[in-house]
Amino acid sequence: MFKNYFKIAIRNFLRYKGYTVLNLLGLAIGIASSLLILAYVTDELSYDDFHQDADRIYRVQYDSYSTVGDHQYSCATAFPGVGPDMKKTFPEVEAFARLYLRYGGGVVRYEDKHFHENNVFNVDQSFFDIFSYELLEGDRSKVLENPNTAVIEEETARKYFGDEDPIGKRIKFGTNEDYEITGIMRSPENSHLKFTLLLSYKTLYQWGDGMEETLETNWGWYDFYNYVRLVPGTDYKALEAKFPQFIQDHDPDDESYADRTKFFLQPLQDIHLHSDLIQEARVNGNGTWVYILTFVALFILVVAWVNYINLATARALQRALEVGIRKVVGARRFQLIRQFIFESVLLNFIAAGLSLLLLELAIPYFNQMTGKAIGLSILSNGNFWLGLAGLFLLGAFLSGLYPAFVLSSFKPVSVLKGRFTHSKGGASLRKVLVVIQFVFSAALIACTMIVYQQIEFMRNQNLGIDINQTVVIHGPGVIANDSIYSASLSTFKQELVGHTGIDQVAASTEVPGNLIYWTNGARNAQDPEGPRVILYKVGIDYDFLDAFGNEMLAGRNFSKEYGTDKDAIILNEHAVQKLALGTPEEAVDKFVRSGGDSLRVIGVIANYHQEGLKQNFRTIGFLLRPDAGSYYSLKVNTNNLGETLAFAERQYNEAFPENPFNYFFLDEFFDKQYKSEKDFGNVFSFFATLAILVACLGLVGLSAFSANRRTKEVGIRKVLGSSIGNIFLLLSKDFLQLVLVANIIAVPLIIVGMNDWLAGFAFRIKLNGLVFLISAALTLLIALTTVSFQAYRAACANPVKALRSE
């Protein structure tokens, strides 16, 4: 029986080659797209799932509010005393671990090798108790128990030690920290934390007198990641409800303390896709984008199945005679249904095989767009084959079931007497399905345009600061009261400025494009009861503001002529407003209390974008730090840039011989903040193109069927004098009307969806009607181009051939 089904299916595939090819292409592209997105989504959802107790591990989120109730920030880090205090206070907390990120990294030295390393953390010994990162060498129970011990990541170890065993070797970090390697670990990519070095937390005690107490009890220094593991069965939301009293008990004399400080627990496995706080350890993914791409993949697949249904039911007249004869000779309806479902299963099976070939071709391009490393190793993943089997079975039965019931329902008497006609219900269904396809096609086109408009808006917006033609060199680090360093820096800057390719040199603790980690509370010294805000501080030399072209609204820049500038501050407009200092002119010569210091405001600059336009302006204060050692910004001209950089490297190596020369171009560095948006735009447009292509494949088949069904009508119209243009319009207008209706339906969907997406940007574009007009024009043009070949061929056909059988 199945052998007979197979023969009939192959015979029909070969007889209607055009329809078969259209269905195969549509289904193969749909399945391949779904599998590719399935691999991407699986990778995104796998973050941090390798930890044994992942479902019981939470990160403490810290939210800060001003004294007047304004939300100031939500932070991934909190105070170093929070973890220990939670463990003491709440029996639900089984264990805690703290991580302190060495912001900006630092130089690691071993013998004659030295490299600048990022992702360096000081961590508690309990880190390896809570997390399940693989420790390749070392004793997990005490690997970081002692001060000045370190665990090195395996690839980093290979860079410094080659094939030697690193255990017991000593390295230096920064200017004066010495560590013994006590372990080697593996740092997987699918984690919201990425490491090159883990340093013992107790080493931080050596930073000064009283540091041990500070690092165990402090509730003011919020640069520490706090993780807690809860007792099995604990409701973390119920534990969160106890936090306000826990916070208030820490400072009972301050009645509003719990109103200004709030803690929340973030489930470990939610962090990568659902956390976008300040001071994240690394750039996280975006759960919304994952859901959108999943929807797009499903849409492409549904469009391919709809195409099959449309083409199968549209060809009902051509297969009606076959059904009639088979029923006359004794075939039952159930047998016919099995035959048509078998054809659907066979076609989907061939398409699934073809999709694997398309998948292999698409993976390199997809990896380039997303920065992922998805490979053919996914073929060894059981979930991949489970997904493929699920898509195959679902597609085969869903797309085959309706046509099977329609085709098997024909009455043999009507069919064999030639009285069979297409039902109005079938035609209406095909129209509805075409409209649905192009509603989403129009939405995908418009959404892609809006994403790119927002990205270009952010990239081309006036930042309020000049980052062009700026080369930034990593300095040796923050060095206080070091006369040797000061002399070296002075000589280094003088040599650089003397070069014809370098116009200006400025030293600073931060550069645009970075989140400012140096923060303190601040308030208007003239109004002790006024608002307390968080002030983001940047240490700069005398040349920084001039080099970057910041606009001075009132007051003056730092100057060597004023010996009191070490106790002065320059604020941006936003800080002046939040501190209630009045106008920029009124703010000058007023005092601000911050970090235990009283600072006189000597200048106010215009707001500028320290970070990307996704973030609002920060409250920024500039302090005079002429010996800042984090970054050196060089304003260069493009004439012979290679020689200029080579000169800068020689001077740097002479001034700081123990530090590697690392630099970056500031405009490129700043644009990296938009990388995730650009990647999403590229991926979205890629799959949008595929979705439209699949929809067009169906439209090709339907237009061919429509032209074939109306052959005699076209012949009669031509005999009666209709022009080719009139015939072309006749065959095209039905489809164009459906596409136009689809665009009208798509508009409110686009407005709601994209306004929700744009709400995540502090500075955003406004939706305008031009986007919808362009989207409508493109979908109409695509539809017209798709149906035009069949319509034109039918319009140009000889009417005699169409009517000679009448």
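The preceding data block contains the structure.
Residues numbered from 1 in each chain as written. Predicted model: local features only at pLDDT ≥ 70, side-chain atom pairs only at ≥ 80, totals over all residues. Heavy atoms only, no water.

(A) Here's a closer look at the packing of aromatic side chains. This model, assessed by the stated rule, comprises 58 aromatic pairs. Centroid distance Phe 492 to Phe 656: 5.8 Å. Interplanar angle 70°. Geometry classified as edge-to-face. You can see Phe 492 sitting in helix α17 (residues 483–497) and its partner Phe 656 sitting in the loop between α21 (641–655) and β24 (663–665), a full 164 residues away along the chain. Both residues of the pair, Phe 492 and Phe 656, count as buried. Looking at Lys 262, its charged tip hangs above the ring of Tyr 65, at a distance of 5.8 Å from the centre. Directly above the ring of Phe 761 sits Lys 614, whose terminal nitrogen or CZ lies 5.6 Å from the centroid. (Phe/Tyr/Trp six-rings, centres within 6.5 Å; stacked < 30°, edge-to-face > 60°. Helix = DSSP H or I, 4+ residues; strand = E, 2+ residues; numbered from the N terminus. Buried < 20%, exposed > 50% of the residue type's maximum accessible area, 1.4 Å probe, protein only. Lys NZ or Arg CZ within 6 Å of the ring centre and 35° of its normal.)

(B) Local environment of the pattern of salt bridges. Across all of its chains, the model carries 34 salt bridges by this definition. Ionic pairing is found between Glu 177 and Arg 102, a salt bridge with its closest N-O pair at 2.4 Å. On the criterion of sequence distance, the pair formed by Glu 177 in strand β10 (residues 177–185) and Arg 102 in the loop between β3 (93–101) and β4 (106–110) is long-range, its members being 75 residues apart. Here Arg 618 makes a salt bridge to Glu 611, at a shortest N to O gap of 2.6 Å. For Glu 611, a relative accessible area of 11% translates into the label buried. (Salt bridge = Lys/Arg side-chain N within 4 Å of Asp/Glu carboxyl O.)

(C) Highlighting the pairing of strand β19 (residues 568–572). For β19, the buried fraction is high: five of the five residues fall into the buried class. Along β19, one buried face is formed by Ala 568, Ile 570 and Asn 572 and the opposite face, lined by Ile 569 and Leu 571, is buried too. Note: β19 against strand β21 (residues 597–605), five bridges, orientation parallel. Residue pairing for β21: Ala 568 is matched across the bridge by Arg 600. As paired elements, β19 and strand β22 (residues 620–624) share two bridges and run antiparallel to each other. Pairing of Ile 570 across the sheet is with Phe 622, part of β22. (Pairing = 2+ DSSP bridges.)

(D) Region of interest: the environment of Asn 286. Locating Asn 286 in the fold gives a position in the loop between α10 (271–274) and α11 (287–314). Excluding residues that lie within four positions of it along the chain, Asn 286 makes contacts with His 272 and Leu 273. From its side chain, Asn 286 meets the backbone nitrogen of Thr 288 in a polar contact 2.9 Å long. (Contact = heavy atoms within 4.5 Å. Polar contact = N/O pair within 3.5 Å; in protein donor to acceptor, adjacent residues only side chain to side chain.)

(E) Structural view of α21. Here α21 spans 21 Å end to end across 15 residues, near enough to the 21 Å set by a 1.5 Å rise per residue. Along α21, the residues classified as buried are Thr 644, Leu 645, Phe 647, Ala 648, Gln 651, Tyr 652 and Ala 655. Buried residues of α21, viewed axially, fall in a sector of 160°; they line one side. Set apart from the buried face of α21 by more than 90 degrees, the exposed residues are Gly 642 and Glu 654. Looking at the packing, one finds that the buried side of α21 touches β14 (470–474), α17, β15 (502–508), β23 (631–636) and β24. (Expected span 1.5 Å × (residues − 1). Arc of directions from axis to C-beta.)

(F) View of unusual backbone geometry. Phi is positive for Asp 48, close to 65°, though the residue is something other than glycine. Overall, Asp 48 belongs to the buried group, its relative accessible area being 0%. Not every positive phi belongs to a glycine, and Asn 119 is a case in point at roughly 60°. Among the residues examined, Asn 119 registers a relative accessible area of 26% and is labelled partly exposed.

(G) Quick peek at the pairing of β23. Burial of β23 is extensive: six of the six residues sit out of reach of the surface. By the alternation rule, side chains of β23 split into Tyr 631, Ser 633 and Lys 635 and Tyr 632, Leu 634 and Val 636, which are all buried. Examined bridge by bridge, β14 and β23 share five bridges and lie antiparallel to one another. Residue pairing in the sheet places Val 471 in a bridge with Leu 634 of β23. Direction of pairing for β15 relative to β23: antiparallel, over a ladder of six bridges. Paired with Ala 506 across the two strands is Ser 633, which belongs to β23.

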